[in-house]
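Listed below are the residues making up each chain.
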Amino acid sequence: MKRFIIHTILFLVVLIASFLFVFSMADGTTDAFYGKLSSPKQTSLIVGSSRASQGVHPNIIDSVYGSKGIYNYGFTISASPYGKAYYKSISSKLKRDYKKNVFIICVTPWSLAENKLTNKNEIEYPEDADFIGKTNFVNINPNIEYLLESFIPKNEAIIRNKNRKGMYQTFYVQDNGWLEVTIESDMISREFRTKNKIESYRKRLVKYNGISEYRFDYLIKTINLFKEQGDVYLVRIPVIEAMLEIENELIPDFDKKMNTVATDYQIPYINMMPFKDAYEYTDGNHLTVDSGKKFSLDLAIQMKKLKSNNN
Amino acid sequence: MLFNSIDFAIFLPVVFIIYWFVVNKNLKLQNFFIVISSYVFYGWWDWRFLSLILFSTLVDYAVGVALSKQNDLSKRKILLWISILVNLGFLGFFKYYNFFLDNFVTAFSFFGTEIQGRSLNIILPVGISFYTFQTLSYTIDVYRRQLEPTKNFVSFAAFVSFFPQLVAGPIERASNLLPQFYVKRQFNSKLAIDGLRQIIWGLFKKVVIADNCAQFANDIFNNYTDYSSSTLLLGAIYFAFQIYGDFSGYSDIAIGTSKLFGFNLKQNFATPYFSRDIAEFWRRWHISLSTWFRDYLYIPLGGSRGSKGNQIRNVFIIFIVSGFWHGANWTFIIWGALNAVYFLPLLLKNKNRVHTNVVAENSWLPNLKELFQMVTTFGFTIFAWIFFRAENVEIAFLYIKNIFKFSIELSDRLKLNRFAFELLPLLSMLILIEWFSRQKEHPIKNVKHPTVFMLLIVLLIVVFGSFSNIQEFIYFQF
């Protein structure tokens, strides 16, 4: 028995140590989310979908607007539409420090739309079963819960992706939460991606049914949560015309609704859609790295102006 | 409770410690504790179905006792039929009721008579096909006077519900497992360490091979209209490895876990994909089920004796029943029938017992003939697996039709490359390890440097295992 117990303990030690060793290598190169779920709590946040994750550069906002350490906590449209799961995740990420912080809430019709496949029963919202709903700990490193429960690729991807930073078609979550996506930038690839993206969103459109009361309520809850701790800006990130047309079909009076929210909760709504032609997009839906920086600069300038006017 | 779950990782050490440190002094306590643990293990999934196991246990125990007191042949037959009807009745109701109903309705409407059938929303109790066959083997052996009926109810209940093999086998014969419950188990360090190694090997096959193959196989089978021929073929190959890794992995974990508690179960898989013909394949794949059908169905039907016509009939019956055992779907029946068709030429030429030894027994590598035979047999098996995996017969035929279009689409190639590069090295490793250990129960048994081998396997599990995408064992549904 003694021999067996020693054998088993040794085996378990090796097993656990191997897991911890591999998990300790996980970082911003692991996938598009891990870096955000393993960073410390944050005082200022940028929230939204992948448009926000790739399009809003925290360092530029900090340097122009004057905020300190704003963190990009945006994910994807399927994981982080406004709802209970994302709200809970945001609440866990937020450091309760009642000073003058800054919050950017990025909105798109998709992040507030009613998915026809879901009903009023909250348990059936798809993101509840996604990593955003399953990950309870969002500030620990290594985030073993996320890696064991939600990290779809095999653990070898943690090691493999570390060496791919900056190579063909890669992503990297920087320390400030900004998702840097490296992708082919030639015209043919871009047009191909844009065509596919538009087609996929056209198909997606039939699954949605206008604005969701549930998601709208959670947007308001998010605004109220942030308002307790600083300045809040409601922002719409631009997309190409074809994508805008689909969004207008999804929620025709989206901007009007956002303006009403802004007025009701006394926060600015910065709609950057009218300037959409000033930027370049990787697929019609996401800003390129350079355009993201330009957009972040333009946004920070607008935010600063609004702040000066208020003062 | 899944073997590859956190629940089981806690359950197993707790049961192990109580078994060897608290109830180890007394045989009755040991057996009683196994019954309790097994019921907790099963009830974790759905406690309501424990009543089925208990009822089946009570009936077969009572029939066994009654058979021991009865010498009248007709009364013994009645007792046997009570056991068969109760066990197959449960199985028939839970597994086949809706299938027969739907097919009757379809058949009547085909002849112009519309009848109304009311389908029931029936949950299939996990493992019912396995423990039903296990208890049936006990009653049949007692009826045949090949086994002394037990007078010890707790031992019998432990035999029926023994948790390592309760939900997906191996289907143990009472003659092998039941006597092990009559003797107090003494801890055997060598056996337990071997069990632990077999568990690790089973986990490797499940989380590294089966679950990774499942991701690709599921994607390809679920979207088969989007893929070209080459990818569809790859999907079928991946499914072949998925089901092998899944089920043989489960069997290894079950056998290894039994060893931890001092029990020896029969080997259930013996490197079946190295078979040189389909008869050999069926002697190496799901051995406990194949031998069950052989002993309780094929031989009573006459087996390979009698006229050629009877032999052919018997082969078709055994393979079709075996297919139907897997599930209430025409896909399984066709899968069974297809295997019968593969088997038939061997039977007719009296060549079904040519390959009873291990391939390339005294050499490192197979010769060209053996290699050709193995590849051909594997090819036939893959073809049949398409029916096993497809949701219905129509999809299976469309899948096969698309394979034979011989199309290769460029848009498919990136994905195909990903499929190939991510999985082929792992599958090659599995094939190599199994090839060089094909004469052993499992690869980590009696190796020169077991610690190094274990470390390698652990490392492969940690690095290549699929943990976030835990798949239920395929055979749980049967």
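Parameters at a glance
- Residues numbered from 1 in each chain as written.
- Chains lettered and ligands numbered in written order.
- Predicted model: local features only at pLDDT ≥ 70, side-chain atom pairs only at ≥ 80, totals over all residues.
- Heavy atoms only, no water.
- UniProt positions renumbered as here; feature names shortened; annotations may be inferred.
- Helix = DSSP H or I, 4+ residues; strand = E, 2+ residues; numbered from the N terminus.
- Buried < 20%, exposed > 50% of the residue type's maximum accessible area, 1.4 Å probe, protein only.
- Contact = heavy atoms within 4.5 Å.
- Areas by Shrake-Rupley, 256 points an atom, 1.4 Å probe, with all protein chains shown as cover.
- Lys, Arg positive; Asp, Glu negative; His and termini not counted.
- Charge placed at Lys NZ, Arg CZ, Asp CG, Glu CD.
- Pairing = 2+ DSSP bridges.
- Axes fitted to C-alpha atoms, helices over the stretch in contact; angles between N-to-C directions.
- Buried area = accessible area lost by both parts, 1.4 Å probe.
- Salt bridge = Lys/Arg side-chain N within 4 Å of Asp/Glu carboxyl O.
- Polar contact = N/O pair within 3.5 Å; in protein donor to acceptor, adjacent residues only side chain to side chain.
- Patch = residues over 30% accessible without salt bridge, like charges linked within 9 Å, V, L, I, M, F, W, Y side chains within 5 Å.
- Domains from an automatic or database assignment.

The name recorded for chain B in an unreviewed UniProt entry is D-alanyl-lipoteichoic acid acyltransferase DltB (MBOAT superfamily), from Winogradskyella epiphytica. According to the UniProt record, the Subcellular location (unreviewed entry) comment for chain B is "Cell membrane". Quoted verbatim from the Sequence similarities (unreviewed entry) field of the UniProt record, the comment on chain B reads "Belongs to the membrane-bound acyltransferase family."

Caption draft 1: Quick look at the overall build of chain B. In terms of helices and strands, chain B carries 18 helices and zero strands. Considered along the principal axes of its C-alpha atoms, chain B spans approximately 70 × 65 × 45 Å. Scored against the burial criterion, the 478 residues of chain B give a buried share of 58%. Of all intrachain contacts in chain B linking residues separated by at least 6 positions in sequence, the fraction that spans at least 24 positions is 78%. Element-wise, carbon and sulfur atoms account for 66% of the exposed surface of chain B, whose accessible area totals about 21,100 Å². Mean positive and mean negative side-chain charge positions of chain B (42 and 28 charges, respectively) differ by 10 Å.

Caption draft 2: Representation of the environment of B:Leu348 within the structure. Residues and elements named next belong to chain B. Relative to the elements of secondary structure, Leu348 occurs in helix 14 (residues 330-348). Residue Leu348 is classed as partly exposed on the basis of its relative accessible area, which comes to 40%. C-alpha of Leu348 to C-alpha of Val375: the two residues are 27 residues apart in sequence and 22 Å apart in space.

Caption draft 3: Region of the structure containing the sheet that holds strand 1 (residues 44-47) of chain A. All names here are of chain A. The sheet built from five strands is open, its strands ordered 2-1-3-8-9 with parallel pairing. Each end of this open sheet is capped by a strand with a single partner; those strands are strand 2 (70-72) and strand 9 (269-271). This sheet shows a mean twist of 20° between the axes of neighbouring strands, independent of strand direction. Examined bridge by bridge, strand 8 (residues 230-236) and strand 9 share three bridges and lie parallel to one another. Note that in strand 9 the partner of Val235 across the bridge is Ile270.

Caption draft 4: Expanded view of the interface of chain A and chain B. Contact with chain A, which involves 22 residues of that partner, is made by 24 residues of chain B. Broken down residue by residue, the surface that chain A buries against chain B is led by A:Met1, A:Phe4 and A:Lys154, which jointly contribute 33%. Seen at the junction of chain A and chain B, the total is zero salt bridges. On the surface where chain A and chain B come into contact, there are three residue pairs in polar contact (both at pLDDT 80 or more). Elements that contribute at least two residues to the side of chain A that touches chain B include exactly helix 1 (2-24), helix 7 (144-149) and helix 8 (156-162) of chain A. The greatest single-element share of the side of chain A that touches chain B, amounting to 11 residues, is contributed by helix 1 of chain A.

Caption draft 5: Geometry of the environment of B:Phe388. Residues and elements named next belong to chain B. Within the secondary structure, Phe388 is located in helix 15 (residues 368-389). Under the relative-accessibility criterion, Phe388 is labelled buried at 5%. It is 38 Å that separates the C-alpha atoms of Phe388 and Phe33, two residues lying 355 residues apart in sequence.

Caption draft 6: Seen up close, a nonpolar patch on the surface. A contiguous nonpolar surface patch, about 540 Å² in accessible area, is contributed by A:Ile5, A:Ile9, A:Val13, B:Ile17, B:Phe21 and B:Val22. Listed by contribution, the elements that provide at least two residues to the nonpolar patch are helix 1 of chain A together with helix 1 (6-21) of chain B. Element by element, the count of residues in the nonpolar patch is highest for helix 1 of chain A, at three residues. Summarising the element assignment, B:Ile17 is placed in helix 1.

Caption draft 7: Examining the pattern of salt bridges more closely. According to the stated counting rule, one finds 27 salt bridges over all chains in the structure shown. The closest approach of N and O atoms between A:Asp298 and A:Lys294, which form a salt bridge, is 3.8 Å. One end of the pair, A:Asp298, and the other, A:Lys294, are both in helix 13 (residues 289-310), four residues apart, so they sit about a helical turn from each other. Relative accessible area serves as the criterion here: at 23%, A:Asp298 is assigned to the partly exposed category. The partner of B:Lys205 in a salt bridge is B:Glu434, with the nearest N and O atoms 3.7 Å apart. Placement of the pair is B:Lys205 in helix 9 (residues 189-222) and B:Glu434 in helix 17 (residues 410-436), with a sequence separation of 229 residues. One exposure class covers both B:Lys205 and B:Glu434, and it is buried.

Caption draft 8: How the structure looks around unusual backbone geometry. Residue and element names in this part refer to chain A. The omega torsion across Asn141 and Pro142 is 0°, close enough to zero to call that bond cis. Here Pro142 shows up in the loop between helix 6 (131-134) and helix 7. Positive phi is not limited to glycine here, since Gln266 has a value of about 50°. Positionally, Gln266 belongs in the loop between helix 12 (254-264) and strand 9.

Caption draft 9: How the structure looks around the UniProt feature "transmembrane region" (unreviewed entry) in chain B. Residues and elements named next belong to chain B. UniProt feature "transmembrane region" (unreviewed entry): in the numbering of this structure it lies at residues 6-22, 51-67, 79-99, 119-140, 315-338, 371-388, 419-437 and 449-470. Helix makes up 100% of residues 51-67 and strand 0%, with an end-to-end C-alpha separation of 24 Å. A helix fraction of 88% and a strand fraction of 0% characterise residues 315-338, whose end C-alpha atoms lie 11 Å from each other.

Caption draft 10: View of the domain arrangement of chain B. Residue and element names in this part refer to chain B. In terms of domains, chain B is made up of domain 1 (6-186) and domain 2 (191-276 + 355-477). A straight line from the C-alpha centre of domain 1 to that of domain 2 covers 29 Å. The partner domain 2 presents 17 residues to the 25 residues of domain 1 that form the contact. Looking at the side of domain 1 facing domain 2, the largest losses of area belong to Pro164, Ala168 and Pro170, adding up to 25% of the total buried there. Run the count over domain 1 and domain 2 and you get zero salt bridges.

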